[in-house]
Amino acid sequence: MISYHAIESTMYEAMRRAAVTLPPDVEAALHRAMAEETDPLAREHLHVSLENTRLAMAGQGLVCGDTGFPLYFVTAGSRTQVEGGFATLWKAAQSATARVTDDSFLRPTMVDPLSRANPGHNVGPGMPKVELTFSGDGDGLEILAAPKGGGSEIFGTFYRMLFPADGEAGIFKFVLESIQAACYAGKICPPAIVGVGIGGSADLCMRMAKEAAVLRPVGQPHPDPRVAEMEHKLLQATRRMGIGPMGSRGINAVLGLHIEIALTHTAALPVAVNAQCLVGRRWMASIAADGAATYRGDLS
Amino acid sequence: MSDAIRHLQLPLSAEEARSLTLGDRVTVSGPIFTGRSRFHIRAIEQNIVPPLDFQAINCFFHVGPVMRRQDERWEIVSIEPTSSIRFDRYSGDVIRKLRLRTLIGKTTMGPAAAEALREVGGVYLTKIGVCGNQLRPQVKKVHGVYFLEELGKTEATWVFEVEQFGPFFVAMDAHGNNYFQQLSADVASRMGAIYRDLGIPDDYGWTNVDATRKPGDPA
C-alpha cells in the first residue's frame, strides 16, 4: 500500500526537479543542434538557453520562467494499491502543485478562463491535470511531472479532420504547415519536440500528440517501421525549411518528431499536432510498494 | 547586423530609436515597467493604466516574472520575456497611447504595432534564447508593483530599475521593418520544393466537405 504522503511528496519533488533541470536527452539534442547551426544568431539562441539551464541547475532560477501547465502522467500496475484509493492521486497532485508554487518553483499561471481570476497556486477545476493509465502487473507507481510551457501549448496545437482520400500527402501537408506557422518568430520556442497523433477519436488523437511530444525520449523512433519512416521523412523536411532556433535562420526547427497512431473510423483520418518547447521539461519518479521513491531524467 | 552590442540609456529618444537597425544587439539601462494581456485589455477597453510617468518610465517589458517575497522585499526568481504577438489586438493603440519608444518581449508584433512604432519613433526588442535567469541579476531594484491584488503576481505591473539589461536584438525598427518578415518569405519560398519531394503537388487541397461551396470555389 503506497501512502498518500509518499505520493504527495514524490509529486512535489518530481515537479520541482522538472522546473530546475534539463532532461539529459534534451540537453544532448540541443548540443547536437548547436554543432550543426552556422548562423551566429541561431547559435547564440542555443548557447544562451543552455547557459540559462546551467544557472537553474545551480540553484539560480528556473529552466524557464513560464512554468506553464502543471501536468502529471501516472502509470500504475495491476497490483498497485494506493492509500485511500486512486482518487487520492488528484488530491495529492493538487497539494503538491500548490506547495511547489508557494515555494516559487512554479509561477502562479493557471487562471479561470472566463473571469481570468488567479487562484494563486495553480490549483482549480481540471488543474493540475492527472492522466492515469494502467500497464503491466507491477505494484508501484510511475509519476512523470511536466510543467508544460505556454508558448509550445498555445502556438503549437493543431487539429484537423482529414479523410481517407487525403492519405499520407494530406498528413504531411498538415504537419508541415503547422510547424511552419508554429515556428514563426520563435512562437513555440524551437527547436521543438513535435508530437503527432494520427487516428483515434478527437480527444485520443490530441492526447497521442501530447504524449508523443512530452513522454518519448527525443528522437526515439516509433517501433512500427511504417510510422518510423513517416517520422524520418517529416523531420528531414523540416530541416529544409530554413527555420532554426527561436525562429532564426537555421536547420533545427525541430529536435525530434514523434508520431503515435490509433485505430480510427473507416470514414476518418484525424491528425493532431502538439509541440513541446526546446527545454522539454519533465522528470520521472518511481514509487515502490513500500513508498520508497527514486527519480530519473532518462526515460529510455 | 553588427556583432558589437550597443548599450542604450532609457528612456530612449525617438532619434536614438530611429538610428537602430534590424538585428542590432542592444542592452538597455534605466527604468522599465511590465505587463501582459490584462495590461493591454484594461489600458484600451477600460482606460486603466498604472499611475506612472510614461515619458520617464517608457520601456514596456512583456513579461510575467516569477516573484518571491523575502524578508518584506520582493525578489526575482526568473524573468522570461513572454510572446508579444498575443497582444496584437491592442499593441498599436498602447504604443500610441503611452508614446512608447522601447518594447521588449518574445516573438514579434504585427503590422499595426509596426505602424505605431514608425509614428512614435520606437523599436521592438526580442529575446535571445531562454534567458530569464541571466536577466535576473541585471534588475538592480524593484521600484514597485501595481494592481497586485486584482491581477496577481504574473499579470501585475512591476516597475524595475535595470542595468545593461539584455542583450536583446532589434526585431522591429522605427521605420516599419520587421526582422521576421523577410525570413518568413524565404521559408515560404522553400515550401513548394519540400512538398513536391514528398509527392504533394502544388495545387494539393484537402477533401472539402463544405456542402455550401459553389462549383469553382477553391478546395
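Residues numbered from 1 in each chain as written. Chains lettered and ligands numbered in written order. Predicted model: local features only at pLDDT ≥ 70, side-chain atom pairs only at ≥ 80, totals over all residues. Heavy atoms only, no water.

This part takes up the overall build of chain B. On a plain count of helices and strands, chain B comes out with 7 helices and 9 strands. Going through the 219 residues of chain B one by one, you find that 53% of them count as buried. For chain B, restricting intrachain contacts to residue pairs at least 6 apart in sequence, the fraction spanning at least 24 positions comes to 63%. About 9500 Å² of surface is accessible on chain B, with carbon and sulfur atoms providing 47% of the total. For chain B, the separation between the mean place of its 26 positive charges and that of its 26 negative charges on side chains is 3 Å. (Helix = DSSP H or I, 4+ residues; strand = E, 2+ residues; numbered from the N terminus. Buried < 20%, exposed > 50% of the residue type's maximum accessible area, 1.4 Å probe, protein only. Contact = heavy atoms within 4.5 Å. Areas by Shrake-Rupley, 256 points an atom, 1.4 Å probe, with all protein chains shown as cover. Lys, Arg positive; Asp, Glu negative; His and termini not counted. Charge placed at Lys NZ, Arg CZ, Asp CG, Glu CD.)

A separate point is the interface of chain A and chain B. On the chain B side, the residues contacting the 55 residues of chain A number 52 residues. Of the roughly 4600 Å² buried between chain A and chain B, counting both surfaces, carbon and sulfur atoms make up 62%. Here chain A is connected to chain B by 3 salt bridges. Across the salt bridge formed by B:Asp186 and A:Arg249, the nearest N and O atoms sit 2.7 Å from each other. Among the secondary structure elements, those contributing two or more residues to the side of chain A that touches chain B are helix H3 (40-57), helix H5 (150-155), strand E4 (157-162), helix H6 (167-183) and helix H8 (225-238) of chain A. Looking at which element gives the most residues to the side of chain A that touches chain B, the answer is H3(A), with 10 residues. Among the residues making up the side of chain A that touches chain B, the classes are represented as 26 nonpolar, 15 polar and 14 charged. (Buried area = accessible area lost by both parts, 1.4 Å probe. Salt bridge = Lys/Arg side-chain N within 4 Å of Asp/Glu carboxyl O. Nonpolar A, V, L, I, M, F, W, Y, C, P; charged D, E, K, R; others polar.)

Residue and element names in this part refer to chain A. Evaluated as defined, the whole model comprises 29 salt bridges over all chains. In this structure, arginine 296 and glutamate 142 form a salt bridge, with 3.5 Å as the shortest nitrogen-oxygen distance. Here glutamate 142 lies in strand E3 (residues 141-148) and arginine 296 lies in strand E9 (residues 293-296), a separation of 154 residues in the sequence. Given the relative accessible area of 31%, arginine 296 is considered partly exposed. For glutamate 211, the salt bridge is made with arginine 207, and the minimal N-O distance between the two is 2.9 Å. On the criterion of helical spacing, the pair formed by glutamate 211 and arginine 207 is a turn pair, its members being 4 residues apart in helix H7 (residues 202-214).

To continue, consider the packing of aromatic side chains. Applying the stated criterion to the full structure yields 14 aromatic pairs over all chains. On the basis of an interplanar angle of 70 degrees and a centroid distance of 6.1 Å, the ring pair of A:Tyr184 and B:Phe180 is categorised as edge-to-face. Of the two residues, A:Tyr184 is situated in the loop between H6 and strand E5 (192-199) and B:Phe180 in helix H7 (residues 179-197); the pairing between them involves two chains. On the accessibility criterion, B:Phe180 (2% relative accessible area) is buried. Aromatic pair B:Phe33 and B:Phe39: ring centres 5.7 Å apart, planes at 35 degrees, arrangement tilted. (Phe/Tyr/Trp six-rings, centres within 6.5 Å; stacked < 30°, edge-to-face > 60°.)

Residues and elements named next belong to chain A. Spatially, E2-E1-E3-E8-E9 is the arrangement adopted by the 5 strands of the open sheet, whose pairing is mixed. Of all the strands in the sheet, the pair left with one neighbour each is strand E2 (129-134) and E9. Averaged over all pairs of adjacent strands, the angle between strand axes in this sheet comes to 20 degrees, irrespective of strand direction. Pairing between strand E1 (residues 69-76) and E2: 6 bridges, direction parallel. Considered in E2, the bridge of valine 74 is made with leucine 132. (Pairing = 2+ DSSP bridges. Axes fitted to C-alpha atoms, helices over the stretch in contact; angles between N-to-C directions.)

Right, let's talk about empty space enclosed by the protein for a bit. In the structure shown here, the tally under the stated rule is 2 cavities of 30 Å³ or more. Taken as a whole, the largest cavity encloses approximately 50 Å³ of empty space. In terms of lining, the largest cavity is formed by A:His45, A:Ala185, A:Gly186, A:Met246, B:Lys106, B:Thr107, B:Thr126, B:Lys127, B:Phe169 and B:Phe180. Looking at the lining of the largest cavity residue by residue, the classes come out as 4 nonpolar, 4 polar and 2 charged. (1 Å grid on protein atoms, 1.4 Å probe; cavity = no way out; pocket = protein on both sides within 12 Å on 5 of 7 lines; lining within 4 Å. Points joined across faces, edges and corners; volume = space filled by probe spheres on them.)

Counting 96 residues, the largest nonpolar core has A:Val175, A:Val196, A:Leu257, B:Phe33, B:Ile95, B:Phe160 and B:Phe165 as its most contacted members. The greatest single-element share of this core, amounting to 10 residues, is contributed by strand E9 (residues 157-172) of chain B. (Core = buried A, V, L, I, M, F, W, Y, C linked by side-chain atoms within 4.5 Å.)

We now examine H8(A). An α-helical turn contains 3.6 residues, so any two residues separated by three or four positions project in the same direction. The terminal C-alpha atoms of H8(A) lie 20 Å apart, and with 14 residues this matches the ideal 20 Å at 1.5 Å per residue to within 8%. Residues of H8(A) that are buried include every one of A:Val227, A:Met230, A:Glu231, A:Leu234, A:Ala237 and A:Thr238, and no others. Buried residues in H8(A), looked at end-on, bunch into an arc of 130 degrees, giving them a common side. Structurally, H8(A) contributes buried residues whose contacts are with H6, E5 and strand E6 (254-262) of chain A together with H7 of chain B. (Expected span 1.5 Å × (residues − 1). Arc of directions from axis to C-beta.)

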